[in-house]
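Coordinate analysis (summary)
Spelled out, the chains give:
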Amino acid sequence: MMGTPHRREAPKKSNDSARLVITTIMGVVFGFFIGVSFPSVSVSKFNLGLTTSVPVSNTNTFAISRPMDPNSSADIKVYVPTNPRGAELLPPGIIVSESDFYLRRLWGDPNEDLPSKPRYLVTFTVGIDQTRNIDAAVKKFSSNFTILLFHYDGKTSEWDQFEWSKRAIHISIRKQTKWWYAKRFLHPDIVASYDYIFIWDEDLGVEHFNAERYIELVKKHGLAISQPGLEPNKGLTWQMTKRRGDSEVHKETEEKPGWCSDPHLPPCAAFVEIMAPVFSRDAWRCVWHMIQNDLVHGWGLDFALRRCVEPAHEKIGVVDSQWIIHQVIPSLGSQSHVEVILHINISFGD
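Small disclaimer: the values here were computed from a predicted structure and weren't measured.

Glancing now at the nonpolar core. Formed by 41 residues in total, the largest nonpolar core has its most connected members in Trp-179, Leu-186, Ile-225 and Trp-284. Put simply, the parts of the chain that give this core at least two residues each are strand S6 (145-151), strand S7 (169-173), helix H3 (178-185), strand S8 (196-200), helix H5 (281-290) and strand S13 (316-326). The element best represented in this core is H3, accounting for 5 residues. Once you skip the residues sitting within four places of it in the chain, Trp-179 turns out to touch Ile-199, Ile-274, Pro-277, Trp-284, Ile-291, Leu-295, Val-296, His-297, Gly-298 and Leu-301.

Right, here's the structure in full:
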């Protein structure tokens, strides 16, 4: 039977067009949800292999790298140049770059370990012959202070006769001076929790000293580096550190003719001695970096402290109304052993 053939190509084209439109819409919607499902991040470049990189922004926050082989199962590595050195491969959120001397329990909820956190740190470099003197000194510091003793004679258990000693931190290394200890145990990232750091000798009389009042005056007068005034009749070397009876704080003095080339420079200003210095957190971060590894007695350091604060003649001073007596007892005088023995003994209170 003969007839005119019918062509159905038009409906097919219509179906193809509809399928293309639907596919396009689905692709747009899928792409939108993929986009919003990822957090907003600033990426400096994508590393595609060891040498190929594609910059994507100028923020330089971090870079992401993956192996050249797309079939590799290796994890994506995150590189954050603003992280501390050595931690560039860690996500910033898990990095803890600072620590402290807060004592922790061996059991229980860590959030309950610290009913209060001391805001200040005081260190003494001590020998067993000065137990009574140090006992008197420590009692001048409230529970707002962490107490740290550096033992140059290797004797630590003998200090257990004092109740406060059981809550103190004891670091014992034979025949070393306080600047040796400070360089190795008082890194700025370790003491970053403390607003002020006292680095004191063992031969200081503190009958006329109150630590809390001292901190109040240091803050009031904007001192980043300071020391208590010294009793005028005991072991004085410099006029600058001599206590004045008519002021709370002084920041400059007059010395012998020719001793000061500039009234704003040591020893007429911007100067404290090394027997009982007190540093703000920021000042100590600078001073620590200035201390050389072979520094022993610290002579000359007092003249260089001004490099760590600006203006030094305004931020370095002597607190007159809280004063001490330098008893001039030679430290390490009875130490005849040459060996260096390391022993860190941290005692927890009840």
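Having seen the model, we can carry on.
Quick look at the side chain of His-326 now. Residue placement: His-326 occurs in strand S13. When its relative accessible area of 14% is taken as the criterion, His-326 is described as buried. At 3.2 Å, the side chain of His-326 and the side chain of Asp-203 are in polar contact.

Attention now moves to helix H2 (residues 131-138). Most of H2 sits out of view: 6 of its 8 residues are buried. Where H2 is concerned, the buried positions are Thr-131, Asn-133, Ile-134, Asp-135, Ala-137 and Val-138. The elements touched by buried residues of H2 are strand S5 (120-126), S6 and strand S9 (204-205).

All right, on to the environment of Leu-295 then. Structurally, Leu-295 can be placed in the loop between H5 and helix H6 (301-304). Remark: the alpha-carbon pair of Leu-295 and Trp-179, spanning 116 residues in sequence, is separated by 6.7 Å. Aside from chain neighbours lying at most four places away, what touches Leu-295 is Thr-177, Trp-179, Trp-180 and Leu-301.

Another aspect to go through is the confidence of the model for the protein chain. Mean pLDDT over the protein chain stands at 81; residues scoring 70 or higher make up 74%. With pLDDT under 50 throughout, residues 1-10 is counted as low confidence; its partners more than four residues away or in other chains account for 0 contacts. Between residues 336-350, whose pLDDT stays under 50, and residues either more than four places distant or in other chains, the model counts 35 contacts.

What is meant by a disulfide is a covalent connection between two cysteines, made through their sulfur atoms. If you walk through the whole model with that rule in mind, you get 2 disulfides. Disulfide pairing places Cys-260 opposite Cys-268 at an S-S distance of 1.8 Å. A torsion of 90° about the S-S bond marks the disulfide between Cys-260 and Cys-268 as right-handed. Of the residues examined, Cys-268 reaches a relative accessible area of 5% and is grouped as buried. Here Cys-286 engages in a disulfide with Cys-308; their sulfurs sit 2.1 Å apart. When the S-S torsion is -75°, as for the bridge of Cys-286 with Cys-308, the disulfide is left-handed. Highlighted residues: Cys-286 in helix H5 and Cys-308 in the loop between H6 and helix H7 (312-315), separated in sequence by 22 residues. By relative accessible area, Cys-308 is classed as buried at 13%.

Let us now look at the pairing of S7. Among the 5 residues in S7, 5 count as buried, and that is most of the element. Where S6 and S7 come together, 4 bridges link them in parallel fashion. Within S7, the residue paired with Leu-149 across the bridge is His-170.

Turning our attention to the pattern of salt bridges. Summed over all chains, the structure comprises 12 salt bridges. Ionic pairing is found between Arg-104 and Asp-113, a salt bridge with its closest N-O pair at 3.7 Å. Taking the shortest distance from any N to any O, the salt bridge between Arg-213 and Glu-216 comes out at 3.0 Å. With Arg-213 and Glu-216 both in helix H4 (residues 211-220), this residue pair falls 3 residues apart, about one helical turn. Its relative accessible area of 33% is what places Arg-213 among the partly exposed residues. Residue classification places Glu-216 among the partly exposed positions, given a relative accessible area of 46%. The network of salt bridges with shared partners includes Arg-213, Glu-216, Lys-220 and Glu-248.

Buried residues dominate H3, accounting for 7 of its 8 residues. Taken together, the buried positions of H3 are Lys-178, Trp-179, Trp-180, Tyr-181, Ala-182, Lys-183 and Phe-185.

Cis geometry is adopted by the peptide bond preceding Pro-267, which originates at Pro-266 and carries an omega value of 0°. Structurally, Pro-267 can be placed in the loop between strand S11 (249-250) and strand S12 (278-280). Cis rather than trans, the peptide bond between Glu-310 and Pro-311 has omega equal to -5°. Mapped onto the elements, Pro-311 comes out in the loop between H6 and H7.

Reading the values: the criteria
Residues numbered from 1 in each chain as written. Predicted model: local features only at pLDDT ≥ 70, side-chain atom pairs only at ≥ 80, totals over all residues. Heavy atoms only, no water. Core = buried A, V, L, I, M, F, W, Y, C linked by side-chain atoms within 4.5 Å. Buried < 20%, exposed > 50% of the residue type's maximum accessible area, 1.4 Å probe, protein only. Helix = DSSP H or I, 4+ residues; strand = E, 2+ residues; numbered from the N terminus. Contact = heavy atoms within 4.5 Å. Polar contact = N/O pair within 3.5 Å; in protein donor to acceptor, adjacent residues only side chain to side chain. pLDDT = per-residue confidence, 0-100. Disulfide = S-S within 2.5 Å. Pairing = 2+ DSSP bridges. Salt bridge = Lys/Arg side-chain N within 4 Å of Asp/Glu carboxyl O.

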